[in-house]
Amino acid sequence: MDILAQIATELESGGDEKVRELTRAALDSSIAPSTILNDGLIAGMDVVGNRFRDHEIFLPDVLLAARAMNAGLEILEPLLGESDTTSRGKIVIGTVKGDLHDIGKNLVGIMLSGAGFDVIDLGKDVAPARFVEAARDSGAGVIGMSALLTTTMPAMKEVVTLLEQEGLRESVRTIIGGAPVTEEYARDIGADEYGFDAANAVERVRSLLRS
Amino acid sequence: MKPLLERVHDGPVVVADGAMGSLLMSRGLEPGASPEGLNLSSPDTLRDVAAAYFEAGAELVQTNTFGGSALKLALYGLDDRTEEINRRAVEAVRSVVTDRAYVSGSCGPCGRMLEPYGDVTETEMHEGFARQASAMAEAGVDVICVETMTDVREAAIAISAAREAAPGTPVMATMTFDPTPRGFYTIMGVDIPSAVSGLLQAGADIVGSNCGNGSGNMVDIAREFREHTDAPMLIQPNAGMPETVDGEVVYRETPEFMAERAVELVALGVNIVGGCCGTTPAHIRALASALRAG
């Protein structure tokens, strides 16, 4: 098995120490950092995302894989040039105001980073204005919002409205998700996309940034 | 009133209460505030909710302590008031039901994950649950209900913490499953056989499932539980998944639909039936009337 495939395999099983070692070894054998990122780390995370979507693995496996991904990224990040990191686009994510549930949001963040997006995670209980500010300041093309509570969902609409008021509705697209959130709700509040799970959210963000 | 375990053993089925959070919201709980904070500021609200379920026919009424473990309260900066928050919740329900119904001390997940995939140690988690259990036991709760668990390790820690901190108080424990193409699993990857053995080994007296994806799925979940254990069983379904209609959140399962499923649950040998998210005193009234007729 070549070293990139080994990195992917170790990442899938959550072997953070192994991923760290192999990433260093790959650099030593003069493989380009962007190749290690794409064909090693991201390739492994892709498999993890698909297996999670298909209920073959569960949350702990994804969290351990994410830890392994970060172990590799820490080594690669200082070596990656601008052109390597900004290729797939930037997204601001967070759990909306009044809501402290962030497991789902974190999972989406992991999957997006795993797919090569530049993720700015604002955390939980994020006020509408902070989403908009962060998108404007960072130049992110997408805002992703999560809510677990039926009572906090309306905060998503506030963000969409605020984007409209600031004239950013076209340049900053929106995607929402979370247990009580539905496709219909996304349509009702004028959000551009709805992700029904973490893997699906990545697909939808891809299509948003392409369009 | 007989001790709960004796009552469950002797039958007939015990009717439990329904959702707490939605009733608290309709009585003024602000989104984003700690629901357990109300135990300090508004005990009248707790008494209202307990009375609504007791009058609807619940024989087992839960306390407003789902997020009452010290680790969870810490998210709201309320962990130094863990004992008071839990004690007051028990006192509020007891003052309404007196000795006419059982008071069940709700104990939900602590909101953080265990090492290695999370950042909490088993010792920290155990300590957080023990403080809650001890306060509820001192206030005279009839049973501690560890619920909505998805990690069987966390459930086992909560159960053993309750066992140690509240010796003599029975413990029930329920987990939340999703249907997958390969059967029922929690989001953390726990299947029903592992849940049954994990919960019982940790010392639960009563096991089962709550929340989830509606009462139809719960019939299948209860059937699978019964294939693996003869232990007393508690089932509390939600009223289906929430949907939004014209900006309002609705749960699709009607009291009548849920009452029919409750009859099926009892036929499978379920000993305690109540409701979770989206259920109301109307659901509990329908359920009680269907089960007591049967």
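Residues numbered from 1 in each chain as written. Chains lettered and ligands numbered in written order. Predicted model: local features only at pLDDT ≥ 70, side-chain atom pairs only at ≥ 80, totals over all residues.

Chemist: Go over the overall build of chain A, please, and point to the residues and values.
Modeler: On a plain count of helices and strands, chain A comes out with ten helices and five strands. For 211 residues, the compact-globule formula gives about 17 Å, and the C-alpha radius of gyration of chain A, at 17 Å, lands near that figure. By principal-axis analysis of the C-alpha atoms, chain A measures approximately 50 × 35 × 25 Å. Residues counted as buried form 47% of the 211 residues belonging to chain A. Of all intrachain contacts in chain A linking residues separated by at least 6 positions in sequence, the fraction that spans at least 24 positions is 74%. (Helix = DSSP H or I, 4+ residues; strand = E, 2+ residues; numbered from the N terminus. Rg over C-alpha atoms; globule rule 2.2 N^0.38 Å. Buried ≥ 20, exposed ≤ 12 C-beta atoms within 10 Å, placed from the backbone. Contact = placed C-beta atoms within 7 Å.)

Chemist: Pulling in residues and values, what's your account of the nonpolar core?
Modeler: Met156(A), Ile144(B), Val146(B), Ala155(B), Ile159(B), Ala162(B) and Val273(B) are the most contacted members of the largest nonpolar core, which has 168 residues in total. Lining this core are residues from two domains, each supplying at least three of them: domain 1 (3-84) and domain 2 (88-210) of chain A. Not counting the four nearest positions on each side in its chain, Ile159(B) is found in contact with Val146(B), Val171(B), Ala173(B), Leu199(B), Ala202(B), Gly203(B) and Ala204(B). (Core = buried A, V, L, I, M, F, W, Y, C linked by C-beta atoms within 7 Å. Domains from an automatic or database assignment.)

Chemist: For the domain arrangement of chain A, give the residues involved together with the corresponding values.
Modeler: Residue and element names in this part refer to chain A. Domain annotation for chain A reports domain 1 (3-84) and domain 2 (88-210). Counting residues at the interface gives nine residues for domain 1 and ten residues for domain 2. Elements that contribute at least two residues to the side of domain 1 that touches domain 2 include exactly α3 (33-53) and α4 (59-76). Among the elements that take part in the side of domain 1 that touches domain 2, α3 stands out by supplying six residues, more than any other.

Chemist: Go over the sheet that holds strand β5 (residues 193-194) of chain A, please, and point to the residues and values.
Modeler: Residue and element names in this part refer to chain A. Ordered by their spatial adjacency, five strands build an open sheet running β2-β1-β3-β4-β5, and the pairing between neighbours is parallel. The open sheet has two free edges, formed respectively by β2 (118-121) and β5, since each of these has just one partner strand. Note that strand β4 (residues 173-177) and β5 share two bridges and pair parallel. Looking at the pairing, Ile175 lines up with Glu193 of β5. Along the sheet, helix α6 (residues 103-114) makes contact with β1 (90-95), β2, β3 (142-146) and β4, crossing β1 at roughly 165°. (Pairing = 2+ DSSP bridges. Axes fitted to C-alpha atoms, helices over the stretch in contact; angles between N-to-C directions.)

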